[in-house]
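# Structure assessment
What follows is the residue order along each chain.
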Protein chains: 2
Amino acid sequence: MNGAQALIKTLADAGVEVCFSNPGTSEMHFVAALDHEPRLRAVLTLFEGVASGAADGYARMAGKPAATLLHLGCGLGNGLANLHNARKGRVPLLNIVGDHATYHVRYDAQLQSDIETVARNVSSWVRTSASTAELCDDAVQALAATMGPPGQVATLILPADVSWSEGGVPAALPPRAPAPAAAADDAVLDAIAQAVRSGAPTALLLGGRALREPSLRAAARIAAQCGVKLFAEVFPTRIERGAGLPPVERIAYLAEFAAVQLQGLRHLILVDAKAPVSFFAYPGKASNLVPEGCEVHTLARFDQDAEASLAQLVQRLGATDAPPALQAPQRPGLPRGKLTAEKVCKAIGAMLPERAIVVDEAQTSGVLLAAFTRGAPRHDVLTLTGGAIGQGLPAAVGAAIACPDRPVLALCGDGSAMYTIQALWTMARERLDVIAVVFNNRSYAILNVELQRVGAQGSGEKARSQLDLDRPGLDFVQMGQGLGVPAVRATTAEEFVAALEHALRTRGPHLIEAPVPSVFSGLKLRLLPRLLASLGSLPPSVARAIKRKVAP
Amino acid sequence: MNGAQALIKTLADAGVEVCFSNPGTSEMHFVAALDHEPRLRAVLTLFEGVASGAADGYARMAGKPAATLLHLGCGLGNGLANLHNARKGRVPLLNIVGDHATYHVRYDAQLQSDIETVARNVSSWVRTSASTAELCDDAVQALAATMGPPGQVATLILPADVSWSEGGVPAALPPRAPAPAAAADDAVLDAIAQAVRSGAPTALLLGGRALREPSLRAAARIAAQCGVKLFAEVFPTRIERGAGLPPVERIAYLAEFAAVQLQGLRHLILVDAKAPVSFFAYPGKASNLVPEGCEVHTLARFDQDAEASLAQLVQRLGATDAPPALQAPQRPGLPRGKLTAEKVCKAIGAMLPERAIVVDEAQTSGVLLAAFTRGAPRHDVLTLTGGAIGQGLPAAVGAAIACPDRPVLALCGDGSAMYTIQALWTMARERLDVIAVVFNNRSYAILNVELQRVGAQGSGEKARSQLDLDRPGLDFVQMGQGLGVPAVRATTAEEFVAALEHALRTRGPHLIEAPVPSVFSGLKLRLLPRLLASLGSLPPSVARAIKRKVAP
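Reading the values: the criteria
Residues numbered from 1 in each chain as written. Chains lettered and ligands numbered in written order. Predicted model: local features only at pLDDT ≥ 70, side-chain atom pairs only at ≥ 80, totals over all residues. Domains from an automatic or database assignment. Contact = placed C-beta atoms within 7 Å. Nonpolar A, V, L, I, M, F, W, Y, C, P; charged D, E, K, R; others polar. Helix = DSSP H or I, 4+ residues; strand = E, 2+ residues; numbered from the N terminus. Least-squares fit on C-alpha atoms with pLDDT ≥ 70 in both. Pairing = 2+ DSSP bridges. Axes fitted to C-alpha atoms, helices over the stretch in contact; angles between N-to-C directions. Buried ≥ 20, exposed ≤ 12 C-beta atoms within 10 Å, placed from the backbone. Parallel < 35°, antiparallel > 145°, perpendicular 65-115°, else oblique. Left-handed = near helix turned anticlockwise from the far one by under 90°. pLDDT = per-residue confidence, 0-100.

### Notes on the domain arrangement of chain A
Residues and elements named next belong to chain A. Here the domain parsing of chain A yields domain 1 (3-164), domain 2 (186-316) and domain 3 (341-521). Once you take the C-alpha centre of each, domain 1 and domain 2 turn out to be 35 Å apart. Between domain 1 and domain 2, the contact holds seven residues from the first and five residues from the second. Taken together, the residues of the side of domain 1 that touches domain 2 sort by class into three nonpolar, two polar and two charged.

Take a look at the structure:
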């Protein structure tokens, strides 16, 4: 048995079911070995960023790592942006990166580069396997590292001769599961319980695994019993929401709004979440969004068990029988008339099927999505944890492979869709039930906002040309079809509804291009809060605060 | 004047004319400052790998660096593969990578990562600018680093507050040009002259800048006078060739053929080139392609002046008046009938216009290109220096911007085109005279060859599915049109000729999809030499050697 064959058996034995690949010559023995192991599915991608983003989306839904198969340092480089998103989302993921044969490295051939250095930025575990005999033990250690807690990216570099040599010894994961993450200790629980009982304005900030149903219910019991607010981190790895689940308000992307949400808090209790910070820095504005005078407590660190910690806090606060507030079923009506981003979100709110997975990378056009889907049937939302756009379509590939019985909606802007548009081909090849909705507002609309927010002066036509995606406009219908995905353009709300209906009842991937005006087009930034408030898209606490200020 | 404004003035003063960009929020002040500096052209790309590949192609033709503008570590990560190609090609290139404001870094916001680590693998110069006052001096040092010699990639990391703060001080490049690279010293020249005069089989291996006309002529004089062979490195950064120039045989990609080319040599003289090594390692085969008993000499290291060194060797050998053998004008006839990769190459050979720039990333389908274009009007060929595919279309963007009066042909396979297909949009936006020819053989054909070459056993349907790009096939006509480039599919040689004629006489970009069978389809590897020999595609020395062996 050669190294590659033993490695693949080891992966399959450990429960790895999928490998998202873009191989080259140095990976050919791994590729050949695939035919010996029916338990490992190999999913080809046309670009490594699709492979890494798919592995991220897969693990968010499957709760266990997929492997990627990448070609030396350059292949890994192409995957970095989505590996960054996985790292920031604390997602388990195993990269297998082929390298030159160990004895070939010293010749510095064309594709030679320092793979470990490329890997380091995104991986908390990096190793170049030194021999065929050790390879499978390395793989087992890498897999253990991926599972953390917290979930992590591990990169196993596989020299070609380690892969092709005989003497591979499949290894097994240690019989014990990873050590269960500790829950918060008594002193922490005491301090937090005291803060909650103090009556001072207090909020729980939920992130990571604390946005799944059991934790949401526990947090909602605490809210019901003690009157604390519940917030979700700005970009959740995976949040369960919809009718029948406790609703949680997400911290806003715009620091101006987040400040309103958090205003007046005296205690902020982190549950598998970081203290909120501004996504970017802006001249003269604070980076740290924790209001002055607010004490930050940590109920569960990333390496601790959020669910168990919340359960203990529920007990400590006597909230075991407090009835959590649950979101009532509620759908907007179907939109009509000329298509806008708002109407697309409204249609999705009206039509979202049961148990959908929504991958949300529509930075500006999707601003109303949360409001319109609040009371839709329960669903999961995956978001841009690391801020590296180009995650939406690949993550949808992975989510659909993890959950073949659930419909997946991927919402992208025209700008973000173009980073990893190659994902569409893998959707077509694997016949995945993904509906890709591309909001085409012919611009990097978010940057038009940011250009104002950073206070950059004196910009003119050249600057605008860096933000606009017209001249020429992008035709996603042709691109989708060129990549094998049935695609249509909807120019009215009625057309969009019909296209979504068709896509929902027809298996396989679909793309719907929605040409829409930018939600911020022609907008002066100072008007933004009023606009959003009028649209009902703001987080409820922000909307209330603004209404108090601006309503007549 | 803020940092960004001063930086852009510094770049323009230093002769940087183009910035290939994909900016985000942290780069907004740089973007705004573009409108203050008419000398710097900003070229937007939809993906960072297009920006880095375009900067590479630009510098190969312009002989000076362009800048890229990239968004934090993830943007740089997306650009890594083509930066690797630039590094391996010793191409000058300046990355400007925006970062969070210095004071924001400690909050570890979503996009935070260790940019210097990401940069290190491809950059010989990396610095995070620490203050607005120092920024322009940093930029000047970065630019000096790019010019080497040899050419290098430098990465200047620009924190947002360093960019937006007042107090920028434009700086000038030092008045002296970079120290001229030293030519070979007397002892080296003596030893090499002695080797050449020995009468033992000797070859010059030309790379880097030694593949431009003055060096080629000098090398050809030596060949004419002393009977040495001339070889070019396997993947030249830029080679000048065609009618009227000395022809040079490229070392073959397949080590089996390279071994034949180099067989029997006793002296190999490197001129701005590395000693030849196998592109990949193969079980049981040598990595080092220098034949046993062959002495390797270095006439010009990467940091030395190849042209001056060759000129001195010409003198030393008394070859000043030896007439260099020049390639005679010679064109194949126009092809007819069902389209094949051979006929596409033949048509290009028949129709290549004066002073064309050919970007060659057609790994298998382009195997006959060199043979058919040997006697075409003189042209430049840019190749895949680092082996990281996805370079062809972006490099064509850069070459067309560097040389707006020259036609550019970009030849890609279906596999390689898909890594950076977004480049087509920039061609359309900038109205570049690029003709993209996509050989669509519905596979990673090179990998079908490599799977046999590495001796991987037992591969079956799953392995093949990792190499084939059918199910679904890629429609490059639709993708091209979707990205704004007029595109046609040619299924016969006559259609291809007509499409190429039309593209050559119509300004702006064009895409021609050429559905062709893989040149290796159904081929047993052991038959490959005979097949290629029969097609006349082999390097002449290999073809002669094979004919001696296999001809009846």
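### As for the interface of chain A and chain B
If you look at the interface, chain A gives 85 residues, while chain B gives 85 residues. Counting residues per element, the side of chain A that touches chain B draws most heavily on helix H4 (residues 72-88) of chain A, which supplies eight residues. Class assignment of the residues belonging to the side of chain A that touches chain B gives a composition of 41 nonpolar, 33 polar and 11 charged.

### Thoughts on the relation of the copies chain A and chain B
By a simple turn and slide, chain A fits onto chain B: the slide is 0.0 Å along the axis, the RMSD is 0.0 Å, and the turn is 180 degrees. Here the copies are linked by what is in effect a two-fold axis. With an isologous cut-off of 70% or more, the 100% of interface residues of chain A that recur at the interface of chain B puts this contact in the isologous class.

### Observations concerning the sheet that holds strand E2 (residues 41-44) of chain A
Residue and element names in this part refer to chain A. In spatial order, the strands read E2-E1-E3-E4-E6-E5; together these six strands make up an open sheet with parallel pairing. Edge positions in the open sheet fall to E2 and strand E5 (125-128), since each of these has one partner strand only. Recorded for the sheet is a direction-independent mean angle of 20 degrees between the axes of neighbouring strands.

### Brief notes about helix H14 (residues 392-402) of chain B
Since the α-helix packs 3.6 residues into each turn, any two residues three or four apart lie on the same face. Most of H14 of chain B sits out of view: 11 of its 11 residues are buried. Within the span of H14 of chain B, buried status applies to Gly392, Leu393, Pro394, Ala395, Ala396, Val397, Gly398, Ala399, Ala400, Ile401 and Ala402 of chain B.

### Examining the packing of H4 of chain A against helix H4 (residues 72-88) of chain B
Relative to each other, H4 of chain A and H4 of chain B sit at 170 degrees, their axes nearing to 8 Å. Judged by the inter-axis angle, H4 of chain A sits roughly antiparallel to H4 of chain B. When the axes of H4 of chain A and H4 of chain B are compared, the crossing they make is left-handed. Of the residues in H4 of chain B, those in contact with Gly73, Cys74, Gly77, Asn78, Leu80, Ala81 and His84 of chain A of H4 of chain A are Gly73, Cys74, Gly77, Asn78, Leu80, Ala81 and His84 of chain B.

### Remarks on the sheet that holds strand E18 (residues 510-515) of chain B
All names here are of chain B. Spatially, E9-E14-E13-E15-E16-E18-E17 is the arrangement adopted by the seven strands of the open sheet, whose pairing is mixed. The two strands at the open ends of the sheet, each matched to only one other strand, are strand E9 (239-241) and strand E17 (487-489). This sheet shows a mean twist of 20 degrees between the axes of neighbouring strands, independent of strand direction. Examined bridge by bridge, E9 and strand E14 (residues 379-382) share three bridges and lie antiparallel to one another. Residue pairing for E14: glutamate 240 is matched across the bridge by aspartate 380.

### What to know about the confidence of the model for chain A
Detailed reading of the predicted coordinates is not advisable wherever pLDDT is low. With 94% of its residues at a pLDDT of 70 or more, chain A has an overall mean of 94. For this predicted complex, the interface score ipTM comes out at 0.96, alongside a pTM of 0.96.

### Observations regarding unusual backbone geometry
Residues and elements named next belong to chain A. In this chain, glycine 148 is followed by proline 149 through a cis amide linkage whose omega measures 5 degrees. Within the secondary structure, proline 149 sits in the loop between helix H6 (132-147) and strand E6 (153-159). Not every positive phi belongs to a glycine, and aspartate 108 is a case in point at roughly 50 degrees. Relative to the helices and strands, aspartate 108 is located in the loop between strand E4 (93-99) and helix H5 (115-120). With 13 C-beta atoms packed within 10 Å, aspartate 108 lands in the partly exposed category.

### Re helix H17 (residues 445-453) of chain A
All names here are of chain A. Counting buried residues along H17, eight of its nine residues qualify, which places the element largely inside the surrounding structure. Listing the buried residues of H17 in full gives Ala445, Ile446, Leu447, Asn448, Val449, Glu450, Leu451 and Arg453. Once H17 ends, the next one or two residues include glycine 455, with phi positive near 75 degrees.

### Regarding the pairing of strand E15 (residues 408-413) of chain B
Residues and elements named next belong to chain B. Of all six residues in E15, six are buried; the element is thus mostly enclosed. The side-chain alternation of E15 yields two buried faces, one formed by Val408, Ala410 and Cys412 and the other by Leu409, Leu411 and Gly413. Here five bridges tie strand E13 (residues 357-361) to E15, and the two strands are oriented parallel to one another. By the bridge assignment, valine 358 is partnered in E15 with leucine 409.

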